[in-house]
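Each chain, letter by letter, is given below.
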Amino acid sequence: MRLRRYFIHRLLQVLPVALIIIVINFLLIHLAPGDVSILLAGEDADPAYMAAVRERYGLDKSFFDQLIAYLGQILQGDLGISYRTREPVFDVLMERVPATLLLAGTSLVIAAVLGTWIGTAIARRPGSLADTVVATFSISLFSIPVFWLGLMLILFFAVQLRWLPSSGMISIGGPRDGFARIMDIVWHMILPVAALSTVWLGQYIRLARTSVAEVLSESYVTTARSIGFSEPYVLFHHGLRNALLPIVTVLGLELGLLLTGAVLTETVFSWPGLGRLIYEAILARDTPIIMGAFIVMSFTVMLASLATDIAYAALDPRVSL
Amino acid sequence: MTKPLIELSGLRMVYESSHSFMSMFTGRSGPGVTAVDGISLTVRSGETTAIVGESGSGKTTTGRIATLQERPTAGTVRFDGEDVTDLSGAALKRFRRQVQMIFQNPYEALDPRLTIGQSVGEPLRLHHLGSPGERRAKVLKILAEVELRPAEAYADRYPADLSGGQLQRAAIARALILEPKAVIADEPVSMLDVSVRSGVMNLMRALQSRMGMSYLYITHDLAVARYMANRIAVMYLGAIVEEGPTEQLIAASGHPYTRLLISAVPEHHQGARRRRVTLSGDALSETGIPAGCRFHTRCPMAQPVCRSVEPSRVSLGAGHEAACHFATDVARNGLTVAA
Amino acid sequence: MLAPRRLLTLLLQNPTSAASLFLVLFALAIAILAPFLGLPDPGQMAAKPYLPPGGEHWLGTDNFGRDVLSRVIWGTRVALLVAVGSAALSILVGVIAGSLAGYYGGWLDSVLSRTFDVFLLIPTFFLVLLIVALFGSSLTLVMIAIALTAWPRSARIMRSQVLSLKSRVYVQAALASGASSSQTIVKHIVPNGIGPIITDGTILMGLAILTEAGLSFLGLGDQNSVSWGRMIFEGQRQLRLAPWISIAPGVAMLILVASLNLLGDGINHALNPQMRSRGGAPRRRPTAAPPADESPRPVSPIIEVDNLRLTYSVGTRRIHAVDGVSFTLPRGASLGIVGESGCGKSSLGSALLQTIPNNADFTGGTVRFDGQSILRDGKPVSERGRLRIQALRWSRISTIFQSSMNALNPVTTIRKQMVAAYRLHRPKAGDAEATARVAEVFDLIGIPRHRMNAYPHQLSGGMRQRTMIALSLILEPDLVIADEPTTALDMLIQDQILAEIDKLRRRLNLTLILVSHDMGAVAETCEMVAVMYAGRIVEMAPTAVIFGNPSHPYTRALIDALPSLRGPMKTLATLPGEAFQPTETIVGCRFAPRCRHATDLCRTEAPPSVALSSGHTAECHYARAFAAEPLREHA
């Protein structure tokens, strides 16, 4: 009950943000050079379609009316029509979501689990040589441009060694169903997941190391040690348990950054997700898709942050629901 | 008796609960926190008045209102006979020359990037007093006054080079360089070590007898208040529960809370074991001020009347007052736990 | 905030920071000097295409026959331009917005903070992408777009800096002495608060470079400039044929971004040196075997401390926090250890339990608990691979910590923590038995039983402190070390807690060591008092003697400096100078520099421990003379 009220409360806080995102989008379209109707309909649209778009967005009405019309459209899930394929943007985007989720989700889990584990282990010896080396290493990891790392992996594993496929999600003419198909997808995932999780790994090592080290200097850790608890018990029962709070928070906050990496990685590996779609849209100057993608990405991040908040509240009794 | 310098009357300070995001849309905000709940207090010229209270009693807020760092929700502040509650602009700046402040934490008292001399001289610069040369001379003189000698050497050092006691002396110098009529000191020695503390207190007393300003001395420590002040006001949950001349207030307190505070001060003289009074209830209420007498939830001698009727101030003679239904009784017989 | 020169020195001391600083400066130099390096024109398609690295073209040529090295170097120019431009812009906007929000608070803060939050929730890269896609992709626009999405980052940092600086005393003092808000912001707040933002600026620069490269890689970069991202974008199509075209700019970008991030990290560490070494697990220390001749004596003192020494290493300094402390306590006794901050009293407490920080070392001394050595010549005694102290912790020696908010784990209930402690030492006990024991100690200390299911933050300060006492008693220890158990509490609660500790000690026949800065607290709770000064016990005596006939000038000064509520008013005595930390070898008496009675003897020769009466010793050359001369207040 408490949790539900908290959820509704937080949802109400997030709604204005959603509104602001849509308004930003709207303002950008109107501030951009060129005719709005061309931006929305495409440069080579036929006059009838152009007129339909003008009607739909109320482009001949006042600025404010246009905003209301635009909001109305978006709240109905109508993000416009892609002028490359003439399909509704929303459908086009949704079709691509599963692939992105698969890629980003897998990489995120690998990076978060591995990073937290390494970070926790290294937090036991702050200032040691191993700590310094790992710290430098993790900073270097998130300084790698992910698309370049992807290219290098392709160059080495796909071009030179010919071990792994360089692009796509499934082999052309490969198995269509069953376990063999799953294995085919896993096979294709290895390189893009490696690229993405490598770059994210650095963040989590660093975060876990700082958070756990911070917790280990708290006085309840001193209490636990004085009571005689063993070091592993202190590290996991007190250290990691309490350090999870900041880790979860950052996990939520940095999702936008993570999606960026996913988009760039998808482009390199021709992974049929949102990122690849955005790339194609840019090449084709398909503005409705780009705007739609921005809105969908923003909403995803927002919902993720909401989920993080709730996870946080569940983890920390001090947060009053 | 000398003339009143600072007169606080009917002060109330209610803090709105923090601006939440929702309140931007709903226009609602939660109930406020009452930090100061109807305080009247007079600081006389050339005298020291102490406010004694636990943390959360509102003593610091009272001090901040007296210096107009915060404006009260209700009530007035008079300085030298003039209502200054709503001063602003140039008049406020003139007021600030007259009333200065000494704070608790000496380690944050001075801007770490400025030399001691620059910090101490800052008020002069702000009020455009004197040429740079005259200011420097004044800074050196006041540094010598607070016993930071040789003043030339101290003036050119940075706060990081000074110890806590020395920093607090420098902070006192900065407060006194404008020769104010009143100084509000908020726990100026509580963060200092015992061996340094007495030096700062003695310095403050010596400077007062030399320069003649008034102090409003805010502290949680009754013994310190006794050492420093002519008059003491005891605060509890935002209100003054007892006020009077120092020795009388300590010797014949009329409020059970004052009695408890006195009995809680450990005695460090040989063999003197005092009788401890057990106190009912827990720490200060964080949610609100109880109805009736604000102390009844913890008072060992609370009666039914205390739960419903807020006591008014009872005069115990010679400017000594206590806000307790049984003040005369308490003043005469001490704490008697009712059967 | 450190002076720039000092910061530079610190940075150069750390090899990683020094290397990254060098690399950033190097990149800056070649970016500035690019036109004067005699490189081939980066846009000129003069050479043969697809030349591999070597010969005339060190990094080869691309598909149009342009020199890759030249393009990488010109790319540095673009990368740094974007980095510096967008970082500077976002810092400028961020500092202004953050200062206003933090300083003025109220609705302005609400609006600005919410704006920062909105930006946190927006995936900024896509916003930049959208802006560039809609408005065109000139370098200036890219910079503005990046700054537009990055400024809330600087603003948030600035806001929290301002919030903490605003309550600083020097800011309050400036305002109280008549400074206007704008004067205060410009003079005190911005200069003191800008450090972390500049540090973060290096990270912002790295982010900007990666963002620009990402845009270029998606084909949205400035068509007219040579950017690394664009080179990789163009090179990926030739990956099989000429991989060097994309390898070189990627490596350059990795080096520059990593250097910027490492530099930021290095500055951060230099500004907050404690960050690097915080936390961590206790270090393994060399141990000693139990002495061969150790035989249990029928009646041994509960604790014997002989010449205990503990040294902290802070940077290159060595601080002898405990510098030769000896005392013996019989079972059931209560000893108060008093002294000013930095005198070593708390270090002594943790040294007895051997829970000392990693930067501390035992440098000598022997500690025996109930006749058994637990520390021998500065080494913890270990038996069959297990430290002896481990068997004693909590079951025989426990501590009461100062009840700061976090003395108990904030995310678990009190019952769970106490049960875990009980079962750790009584492995056979079940959950029910342990809970029953928790209820017992709660009764003992007067906390309602149902409070055991609370989380620590749900209790008031006084309750939390009582809980700490209950926790310390759960295994019926022989010795309890209480370290400033009432310091954070209000006067009335302080007094009550002390009374309870005193009552329990008598009732359970505990031995108590009470570490406190408060002479009064110790006077009423302890039978014996030890006064510490600069790492040594300078005087120790029964409580009545310490306060009635103190024989060390330091003890006398401390007592004479305390204001009193009772008795006639007298002027408080003052001590010249400040307490010092014993960092080097001390010649003569350590109190001599502040002692009004110091003679040449005191300044040259360390005083012996003078035994005065039963249980009364003082480390002063003139102890006997002082002992004969009563305190002036009793004269």
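Residues numbered from 1 in each chain as written. Chains lettered and ligands numbered in written order. Predicted model: local features only at pLDDT ≥ 70, side-chain atom pairs only at ≥ 80, totals over all residues. Heavy atoms only, no water.

Caption draft 1: Expanded view of the overall build of chain B. Looking only at helices and strands, chain B has 13 helices and twelve strands in total. Within chain B, the proportion of its 339 residues that are buried is 57%. A sequence separation of at least 24 residues applies to 66% of the contacts in chain B between residues at least 6 apart. Carbon and sulfur atoms make up 51% of the accessible area of chain B, which totals about 13,500 Å². (Helix = DSSP H or I, 4+ residues; strand = E, 2+ residues; numbered from the N terminus. Buried < 20%, exposed > 50% of the residue type's maximum accessible area, 1.4 Å probe, protein only. Contact = heavy atoms within 4.5 Å. Areas by Shrake-Rupley, 256 points an atom, 1.4 Å probe, with all protein chains shown as cover.)

Caption draft 2: Region of the structure containing the interface of chain B and chain C. Taken together, the contacts link 71 residues of chain B with 65 residues of chain C. Of the roughly 6,100 Å² buried where chain B meets chain C, counting both sides, 56% is carbon and sulfur surface. Counting every contact that joins chain B to chain C gives one salt bridge. Notably, a salt bridge pairs Glu108(B) with Arg168(C), separated by 3.0 Å at the nearest N-O pair. Inspection of the chain B/chain C interface yields 20 residue pairs in polar contact (both at pLDDT 80 or more). A breakdown of the residues in the side of chain B that touches chain C according to their chemical character gives 31 nonpolar, 20 polar and 20 charged. (Buried area = accessible area lost by both parts, 1.4 Å probe. Salt bridge = Lys/Arg side-chain N within 4 Å of Asp/Glu carboxyl O. Polar contact = N/O pair within 3.5 Å; in protein donor to acceptor, adjacent residues only side chain to side chain. Nonpolar A, V, L, I, M, F, W, Y, C, P; charged D, E, K, R; others polar.)

Caption draft 3: How the structure looks around the domain arrangement of chain B. All names here are of chain B. Along its sequence, chain B is organised into domain 1 (4-113 + 173-251) and domain 2 (253-339). Residue-level contacts link 26 residues of domain 1 with 24 residues of domain 2. For the domain 1 and domain 2 pair, buried surface summed over both sides reaches about 2,100 Å², with 54% attributable to carbon and sulfur atoms. Considering only the surface of domain 1 that becomes buried against domain 2, Tyr236, Leu237 and Glu242 emerge as the three largest contributors, covering 32% of it. There are three salt bridges connecting domain 1 and domain 2. Residues Arg298 and Glu54 are paired through a salt bridge, measuring 3.9 Å at the closest nitrogen-oxygen approach. (Domains from an automatic or database assignment.)

Caption draft 4: Molecular detail of the interface of chain A and chain C. At the interface, 80 residues of chain A touch 66 residues of chain C. Here chain A meets chain C over a buried area of about 6,500 Å², counting both sides, of which 74% is carbon and sulfur. Summed over the shared surface of chain A and chain C, the result is one salt bridge. Taking the shortest distance from any N to any O, the salt bridge between Asp265(C) and Arg206(A) comes out at 3.1 Å. At the junction of chain A with chain C, the criterion picks out ten residue pairs in polar contact (both at pLDDT 80 or more). Residue contributions to the side of chain A that touches chain C peak at ten residues, all from helix H13 (residues 287-315) of chain A.

Caption draft 5: Spatial organisation of helix H3 (residues 89-98) of chain B. All names here are of chain B. The complete set of buried residues in H3 reads Leu92, Phe95 and Arg96. With its buried residues spanning 105 degrees around the axis, H3 presents them on a single face. Exposed positions of H3 whose direction lies more than 90 degrees from the buried face are Ala90 and Arg94. (Arc of directions from axis to C-beta.)

Caption draft 6: Broad picture of the domain arrangement of chain C. Residues and elements named next belong to chain C. Assigned domains of chain C: these are domain 1 (10-274), domain 2 (303-330 + 345-391) and domain 3 (397-525). Relative placement of domain 2 and domain 3: their C-alpha centres are 24 Å apart. Tallying the contact residues gives eleven residues for domain 2 and 13 residues for domain 3. Between domain 2 and domain 3, a total of about 940 Å² is buried, with carbon and sulfur atoms accounting for 78% of that surface. On the domain 2 side of the interface with domain 3, the three residues burying the most area are Lys345, Leu353 and Phe369, jointly 49% of the side's total. For the pair domain 2 and domain 3, the interface holds one salt bridge. Across the salt bridge formed by Lys345 and Glu484, the nearest N and O atoms sit 3.9 Å from each other. Our count for the domain 2 to domain 3 interface comes out at one residue pair in polar contact (both at pLDDT 80 or more).

Caption draft 7: Layout of unusual backbone geometry. The peptide bond linking Arg149(B) to Pro150(B) adopts the cis configuration, its omega dihedral lying at 0 degrees. Mapped onto the secondary structure, Pro150(B) falls in the loop between helix H5 (132-145) and helix H6 (151-155). Backbone geometry at Ser270(A) places phi at a positive 50 degrees, although glycine is not the residue there. Even without glycine at this site, Asn509(C) takes up a positive phi of about 55 degrees.

Caption draft 8: Here's a closer look at the sheet that holds strand S3 (residues 334-338) of chain C. All names here are of chain C. The mixed open sheet is built from eight strands, whose spatial order is S9-S10-S11-S3-S12-S13-S15-S14. The open sheet is flanked by strand S9 (397-400) and strand S14 (610-613), the only strands paired with a single partner. The sheet shows a mean angle of 20 degrees between the axes of neighbouring strands, taken without regard to direction. With five bridges joining them, S3 and strand S11 (residues 511-516) adopt parallel strand pairing. By the bridge assignment, Leu335 is partnered in S11 with Ile513. (Pairing = 2+ DSSP bridges. Axes fitted to C-alpha atoms, helices over the stretch in contact; angles between N-to-C directions.)

Caption draft 9: Representation of the packing of aromatic side chains in the model. All names here are of chain B. With the rule as written, the count across this model stands at 17 aromatic pairs over all chains. A centroid spacing of 5.1 Å and a plane angle of 65 degrees characterise the contact between Tyr257 and Phe295, whose relative ring orientation is edge-to-face. Taken together, the residues span a long stretch of sequence, with Tyr257 in helix H11 (residues 256-264) and Phe295 in the loop between H11 and helix H12 (304-308) at a distance of 38 residues. Here Tyr257 and Phe295 have matching classes, each one buried. (Phe/Tyr/Trp six-rings, centres within 6.5 Å; stacked < 30°, edge-to-face > 60°.)

Caption draft 10: Up close: helix H8 (residues 181-193) of chain C. In a regular helix each residue adds 1.5 Å, so 13 residues correspond to 18 Å; H8(C) covers only 16 Å between its end C-alpha atoms and thus falls short of that length. The principal kink in H8(C), of about 25 degrees, is found at Lys187(C), preceding the proline Pro191(C) by one to four residues. Here H8(C) has its buried residues at Thr184(C), Ile185(C), His188(C), Ile189(C), Asn192(C) and Gly193(C). Check the buried side of H8(C) and you find it contacts helix H4 (116-126) of chain B together with helix H3 (68-104), helix H6 (139-166), helix H7 (169-176) and helix H9 (195-217) of chain C. (Expected span 1.5 Å × (residues − 1). Bend = angle between axes of the 7 residues up to and from the residue.)

Caption draft 11: Broad picture of the nonpolar core. Residues Phe147(A), Trp200(A), Leu129(C) and Met253(C) are the most contacted members of the largest nonpolar core, which totals 175 residues. If we ignore the near neighbours within four places in the chain, the residues touching Phe147(A) are Leu264(A), Val268(A), Ala213(C), Gly214(C), Phe217(C), Ile232(C) and Met253(C). Leu5(B), Met13(B), Leu167(B) and Met228(B) belong to the second-largest nonpolar core, a separate cluster that totals 104 residues. (Core = buried A, V, L, I, M, F, W, Y, C linked by side-chain atoms within 4.5 Å.)

Caption draft 12: Just the environment of Val215(A), in detail. Residues and elements named next belong to chain A. Residue placement: Val215 occurs in helix H8 (residues 178-216). A relative accessible area of 7% places Val215 in the buried class. Sequence separation between Val215 and Val159 is 56 residues, and the spatial gap between their C-alpha atoms is 46 Å. When neighbours within four sequence positions are excluded, Val215 is seen to be in contact with Tyr220, Val221, His238, Gly239, Asn242 and Ala243.

Caption draft 13: Inspection of the side chain of Ser373(C) at higher detail. Inspection of the secondary structure assignment puts Ser373(C) in strand S5 (residues 372-376). Once residues within four sequence positions are removed from consideration, Ser373(C) is found in contact with Pro291(C), Glu294(C), Val367(C), Arg368(C), Val381(C) and Arg388(C).

Caption draft 14: Structural view of the side chain of Ser107(A). Residue and element names in this part refer to chain A. By the element assignment, Ser107 lies in helix H5 (residues 89-123). Overall, Ser107 belongs to the buried group, its relative accessible area being 0%. In terms of polar contacts, Ser107 uses its side chain to reach the backbone carbonyl oxygen of Leu103, at 2.7 Å. Aside from chain neighbours lying at most four places away, what touches Ser107 is Val193, Leu196, Ser197 and Trp200.

Caption draft 15: Broad picture of a nonpolar patch on the surface. Together, Phe179(A), Ile182(A), Met183(A), Val186(A), Trp187(A) and Ile190(A) make up an exposed nonpolar region whose accessible area comes to about 590 Å². Mapped onto the secondary structure, Phe179(A) falls in helix H8. (Patch = residues over 30% accessible without salt bridge, like charges linked within 9 Å, V, L, I, M, F, W, Y side chains within 5 Å.)

Caption draft 16: Here's a closer look at the sheet that holds strand S1 (residues 303-314) of chain C. Residue and element names in this part refer to chain C. If you trace the five strands from one edge of the open sheet to the other, you get S2-S1-S4-S5-S6, paired in antiparallel fashion. Either end of the sheet is taken by a strand with one partner, and the two such strands are strand S2 (317-329) and strand S6 (379-380). Looking at chain direction, S5 and S6 are connected through two bridges and run antiparallel. Among the inter-strand pairings, Arg376 is bridged to a residue of S6, identified as Lys379. The sheet strands contacting helix H13 (residues 345-353) are S1, S2, strand S4 (360-369) and S5, and the helix crosses S1 at an angle near 115 degrees.

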